[in-house]
Amino acid sequence: MIFVLDEFDLFAQRSKQSLLYNLLDLMQSSSSQAALIGVSSRLDADQLLEKRVRSRFSHCKLLFLPPSTDDIFSLYDRLFLLPVNQCSHWQKFSEDFKEKASVVLQQGSVKQLVDEFMSMEVSGQRCVDLLFRALCELNPQSGHISPAQFKVASANLTPQPKLEILTDVSVLELCLLVAMYRLEAREVESYNFNTVFKEYKRLEEHNTCDVYSKQCALRAFEHLLERELIVFKDSSGLGNMLEVRPIKLLVSRHEIDKGLEGNISCPTILRQWRTHETIK
């Protein structure tokens, strides 16, 4: 008997992990004719296991790279093939559908949309879901796929509450988020509020944005914590000062880009500061 647990990390995050413990404990028996396979997109899924559960885990891991954008579009080309029958009208429609679908898939806007979708959804199945949802939006009058339908499908499949928050945050909060992004882009392994504020001060030197005190920035920093756009890396330093506790950014590059575009208060220099390292 083979047990397959999809989204294995969700099982590992349940309290006491009793299901995993009982299953893995069952595997310890020499008479057991069973295997347990956990599937997850999280590389650290096994690290979420409690000590008693991890001790029964075989630590056998197989890592698979997510499909590339070219792989996805190659798959889309095959999925767009319609079955052929003897009806001449159907044959013509099938050929027209494939031809027009190929043209749509070659458009830059569609490639960019799929690429952005894959940056958040690394599963091949989710990319197939994107195509299926786009097909569900087909216009009955034309009967052909269009870039607009891919856009609607992506919006339906990826609700983004963080983007809604980013369109409503203050300019100072945006500055702090961009400062964190720049630190991570330079592969700074650990940073805290003091590090972020120092990075933000580099933007102030251009005299192209409002100047805020460190106390104001700290209040904005606390606001980002409340909105869960950033989080402390661990809870071991609860007694430490807020300014020196290591933090982690919970907003992706794509979300920051869209947030800067959608926030009407965002100054132009901030968008440039996000994308150009030359702006020191």
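Everything here concerns the structure above.
Only a predicted model underlies this, so the values are computations on that prediction, with no experimental measurement involved.

**Q** Tell me what's going on with the packing of aromatic side chains, and back it up with residues and numbers.
**A** If you walk through the whole model with that rule in mind, you get seven aromatic pairs. Consider the rings of Y76 and F150, whose centres lie 6.3 Å apart with planes at 40 degrees: the pair is tilted. Residue Y76 is located in helix α4 (residues 69-79), and its partner F150 is located in helix α8 (residues 147-157); the two are separated by 74 residues in the primary sequence. We classify Y76 as buried; its relative accessible area is 0%. Residue class for F150 comes out buried when judged on its relative accessible area of 0%. Between the aromatic rings of F193 and F197, the centroid separation amounts to 6.0 Å while the plane-to-plane angle is 25 degrees, which identifies the pairing as stacked. You can see F193 and its partner F197 sitting in helix α11 (residues 193-204), four residues apart, about one turn around the helix. For F193, a relative accessible area of 0% puts it in the buried group. The residue whose ring lies beneath R52 is Y21, and the NZ or CZ to ring-centre distance is 4.2 Å. Taking NZ or CZ as reference, R245 lies 3.7 Å from the ring centre of F232, over its face.

**Q** A description of the nonpolar core should follow, citing residues and the corresponding values.
**A** By size, the foremost hydrophobic cluster in this structure holds 37 residues, and its most contacted members are L176, M180, V196, F221, I230, L249 and L270. Contributing elements (two or more residues each) for this core: α9 (161-166), α10 (171-185), α11, α12 (214-226), β3 (230-232), β4 (247-249), α13 (253-262) and α14 (268-275). For this core, the element with the highest residue contribution is α10, accounting for ten residues. Filtering out sequence-adjacent residues up to four positions away, F221 remains in contact with L176, M180, F193, I230, L242 and I247. The next biggest cluster of nonpolar side chains, apart from the first, holds 21 residues, and it includes Y76, V104, V110 and F150.

**Q** Break down the side chain of E173 for me, with residues and values.
**A** Note that E173 resides in helix α10. There is no salt bridge for the buried E173, and the closest opposite charge comes from R227, which lies 5.2 Å off by N-O distance. Apart from the residues lying within four places of it in its own chain, the contact partners of E173 are A220, H223 and L224.

Conventions used here
- Residues numbered from 1 in each chain as written.
- Predicted model: local features only at pLDDT ≥ 70, side-chain atom pairs only at ≥ 80, totals over all residues.
- Heavy atoms only, no water.
- Phe/Tyr/Trp six-rings, centres within 6.5 Å; stacked < 30°, edge-to-face > 60°.
- Helix = DSSP H or I, 4+ residues; strand = E, 2+ residues; numbered from the N terminus.
- Buried < 20%, exposed > 50% of the residue type's maximum accessible area, 1.4 Å probe, protein only.
- Lys NZ or Arg CZ within 6 Å of the ring centre and 35° of its normal.
- Core = buried A, V, L, I, M, F, W, Y, C linked by side-chain atoms within 4.5 Å.
- Contact = heavy atoms within 4.5 Å.
- Lys, Arg positive; Asp, Glu negative; His and termini not counted.
- Salt bridge = Lys/Arg side-chain N within 4 Å of Asp/Glu carboxyl O.

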